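# Observations on the model geometry
One letter stands for each residue in the lines below.
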Amino acid sequence: MGRYINPFTDWGFKRLFGQEFSKDLLINFLNDLFEGEFQIKDVTFKDKEQLGDTNDLRGCIFDIYCVTDDDKHFIVEMQNRWVPFFVNRSIYYASKAFVAQRKRFDEAGERTPVLYQFVPVYVVCIMNFMPREHEVTKFRTDVALREKSSESMFSDKLRFIYLSLPFFDKSEEECETGFEKWIYVLKYMEVLERLPFTAQKKIFDHLAKLADVRCLSSEEQEKYDESIKAVDDYYSGLYGSYVEGEEKGIAKEKLDTAYRLLSMGLSEAQVSTATELPLEEIQKMRK
């Protein structure tokens, strides 16, 4: 086991980005992510119950209510694990964040008109995996609602930022911005013996303390171990399904080839040799 926790387990992700005692890390990360656009001065976790059980195989998904230094408000929803139809699911969770803003009753229980004055929802997906569906083909994919012909902003109410770490290939020496330093540290944290950039980014001192396995209590260590096991089991299941699908695909291809060869007049023995299918199976295809 390395010196630092794996930040892409649900428990590790929650510890670094989903707790009151670590929200200074979250604010710093988001400010580096949105550098040049605005500065976040405070965050509130909208629903602490959403921060996730270590066995929740959807990955750690939670809403963060952000306030900028000029008093603008928006919601950031963070996700950190691949699931089938990943992009579609991120759109689904963003839609849920919109629906949750609709208030039909006031504090007295009286029905109120639904006004569609939504707070913007930004979905930030930190992806420590290679995307399967090919919608994401580079390290940072930033999606917003724009007018197609002019590329002008149509609405700022919905935005998706996908950060695919396998596409990030900068070395420690090549990292210049605060955001690049964050990504480098997160990507390699589990195998690092020390956290780099602590002289340039003082916040990394706090990060190092929270991520240091030696600083975990016995209860925290147990929960972290459970989270590691949950991730291993999850990806083992996905790989097993992938292998099974590959095998079924190969078997079907062989059968299709056998039918074609038989229709061309080859003998059963020749088809069996060409496709590596049992002779008995080829003979059944004749019937």
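Residues numbered from 1 in each chain as written. Predicted model: local features only at pLDDT ≥ 70, side-chain atom pairs only at ≥ 80, totals over all residues. Heavy atoms only, no water.

### Some words on the packing of helix 4 (residues 178-188) against helix 5 (residues 203-211)
- In contact at an axis separation of 13 Å, helix 4 and helix 5 are set at 15° when each is read in the N-to-C sense. What the angle tells us is that helix 4 and helix 5 run roughly parallel. Crossing of helix 4 over helix 5 shows right-handed handedness. Contact residues: Lys181, Trp182 and Val185 in helix 4; Ile203, Phe204 and Leu207 in helix 5. (Axes fitted to C-alpha atoms, helices over the stretch in contact; angles between N-to-C directions. Helix = DSSP H or I, 4+ residues; strand = E, 2+ residues; numbered from the N terminus. Parallel < 35°, antiparallel > 145°, perpendicular 65-115°, else oblique. Left-handed = near helix turned anticlockwise from the far one by under 90°. Contact = heavy atoms within 4.5 Å.)

### Details of the nonpolar core
- Core analysis: the biggest nonpolar cluster contains 67 residues, and Leu16, Phe29, Leu30, Leu163, Trp182 and Leu207 have the highest contact counts within it.
- With 7 residues, strand 4 (residues 121-127) is the single largest residue contributor to this core.
- Core analysis: the second largest hydrophobic core is formed by 7 residues, Ala258, Leu277, Ile282 and Met285 among them. (Core = buried A, V, L, I, M, F, W, Y, C linked by side-chain atoms within 4.5 Å. Buried < 20%, exposed > 50% of the residue type's maximum accessible area, 1.4 Å probe, protein only.)

### Topic: the packing of aromatic side chains
- In total, this model carries 16 aromatic pairs according to the counting rule given.
- With a centroid separation of 5.6 Å and 40° between ring planes, the pair formed by phenylalanine 34 and tyrosine 122 is classed as tilted. Here phenylalanine 34 is found in the loop between helix 2 (23-33) and strand 1 (40-45), whereas its partner tyrosine 122 is found in strand 4, with 88 residues between them in sequence.
- What makes phenylalanine 34 buried here is its relative accessible area of 0%.
- Ring geometry for tryptophan 182 and phenylalanine 204: centres 5.1 Å apart, planes at 85°, overall edge-to-face. With tryptophan 182 in helix 4 and phenylalanine 204 in helix 5, the pair connects residues that are 22 residues apart, well separated along the chain. (Phe/Tyr/Trp six-rings, centres within 6.5 Å; stacked < 30°, edge-to-face > 60°.)

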